[in-house]
Amino acid sequence: MIQQTIQLKMAGSLPEACLKTYLIEDSAEFKIKNRPVVIVCPGGGYCYLSDREGEILALQYAAMGCHAVVLNYSIAPAVYPAALLELAATVKLLREKAEEWHIDVDKIIVEGSSAGGHLAASYGMFWKEDFIAEELKVPDSEREILRPNAMILNYPVITSGEFAHRDSFTNLLGERYEELVEKMSLEKQVNQDTPQAFIWHTYTDGCVPVENSLLLVSAMKKAGIPVEFHMYPQGGHGLSLANELTESPEGHEIEPCCQSWISLVRTWILGL
């Protein structure tokens, strides 16, 4: 496995922003030569990064035969669009390194949990915007290098409206809250360049209500963008794998009914 830590220095980035790689090394013994890559964005309300939603998930994707990278993106006091630009730089790097790292350039997947899901989905909505290409010095003719092929969203923060996780938006936007809070309501930003998605949530999530995912699924359906959605009947927020591997010391995250999501997403990735 190729494990590297790559520093990310975009406008507004914190010094600790970095990318950690979990890349399966090529071998003459493997028939598969190019693999999907999943960019893991941990949650944490844009105020911290959850270890329960980072490396442990990357290793699950690696066990499926995918490459994985964990994006330790900038959080408060950094504000939008620092983290978004770091994710864009990650997608660009993976495409530039695709031959060396044996990446399937048609299967570059952005994944995120909770606020990390908001970041991943934000990139799905905004990747083609001019300011991203300008910051990364990507000419118009090459803008497709920034395209994400798919999204995996685990109990994501989506809406800034009635069902918002308000702290995520105040941490993300800082003094620009009033200016940008409407734009950050991602169910309103779905467009024809938004990639297909796998989304799951729990009916009883009391922190980030399931309406966040429902609003996004509805908007994607109206736009004709494929989405696989699973709503589990019970479980709180931040479940990660929903088993003992990602249980916190407080012990509220084991939910047997939710544990199927990781095998379901494997089938979904294979079908991309």
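For the structure itself, look to the data block above.
Residues numbered from 1 in each chain as written. Predicted model: local features only at pLDDT ≥ 70, side-chain atom pairs only at ≥ 80, totals over all residues. Heavy atoms only, no water.

Q: Describe the pattern of salt bridges, listing the residues and the values that go with them.
A: Going through the model one piece at a time under the given rule, you end up with eleven salt bridges. A salt bridge links Glu 129 to Lys 183; its shortest N-O distance comes to 3.2 Å. A residue pair is termed long-range when its members are at least 10 positions apart, and Glu 129 in the loop between helix H4 (115-126) and helix H5 (130-135) and Lys 183 in the loop between helix H7 (177-180) and strand S7 (196-202) qualify at 54 residues. Since its relative accessible area comes to 26%, Glu 129 is described here as partly exposed. Residue class for Lys 183 comes out partly exposed when judged on its relative accessible area of 25%. Measuring nitrogen to oxygen at the nearest pair gives 2.9 Å for the salt bridge that ties Arg 176 to Glu 179. On the basis of relative accessible area, Arg 176 is assigned to the partly exposed category, the value being 32%. (Salt bridge = Lys/Arg side-chain N within 4 Å of Asp/Glu carboxyl O. Helix = DSSP H or I, 4+ residues; strand = E, 2+ residues; numbered from the N terminus. Buried < 20%, exposed > 50% of the residue type's maximum accessible area, 1.4 Å probe, protein only.)

Q: Kindly report on the packing of aromatic side chains, identifying the contributing residues and their values.
A: Taken as a whole and judged by the stated rule, the model has six aromatic pairs. Ring centres of Tyr 155 and Trp 200 lie 5.2 Å apart, and the angle between their planes is 90°; this geometry places the pair in the edge-to-face category. Of this pair, Tyr 155 sits in the loop between strand S6 (150-154) and helix H6 (166-173) while Trp 200 sits in strand S7, and the two are 45 residues apart along the sequence. For the pair formed by Tyr 155 and Trp 200, the shared burial category is buried. For Arg 35, the ring lying beneath its charged end belongs to Phe 30, and the centroid distance is 5.1 Å. Of note, Lys 183 hangs over the ring of Phe 126, and the distance from its end group to the ring centre comes to 5.0 Å. (Phe/Tyr/Trp six-rings, centres within 6.5 Å; stacked < 30°, edge-to-face > 60°. Lys NZ or Arg CZ within 6 Å of the ring centre and 35° of its normal.)

Q: Before we move on, could you go through the environment of Lys 183 and cite the residues and values that matter?
A: For the pair formed by Lys 183 and Ser 160, sequence separation is 23 residues and the distance between their alpha carbons is 8.7 Å. Here Lys 183 is in contact with Tyr 80, Phe 126, Glu 129 and Gln 189, once residues within four sequence places are set aside. A polar contact is formed between the side chain of Lys 183 and the side chain of Glu 129, at a distance of 3.2 Å. (Contact = heavy atoms within 4.5 Å. Polar contact = N/O pair within 3.5 Å; in protein donor to acceptor, adjacent residues only side chain to side chain.)

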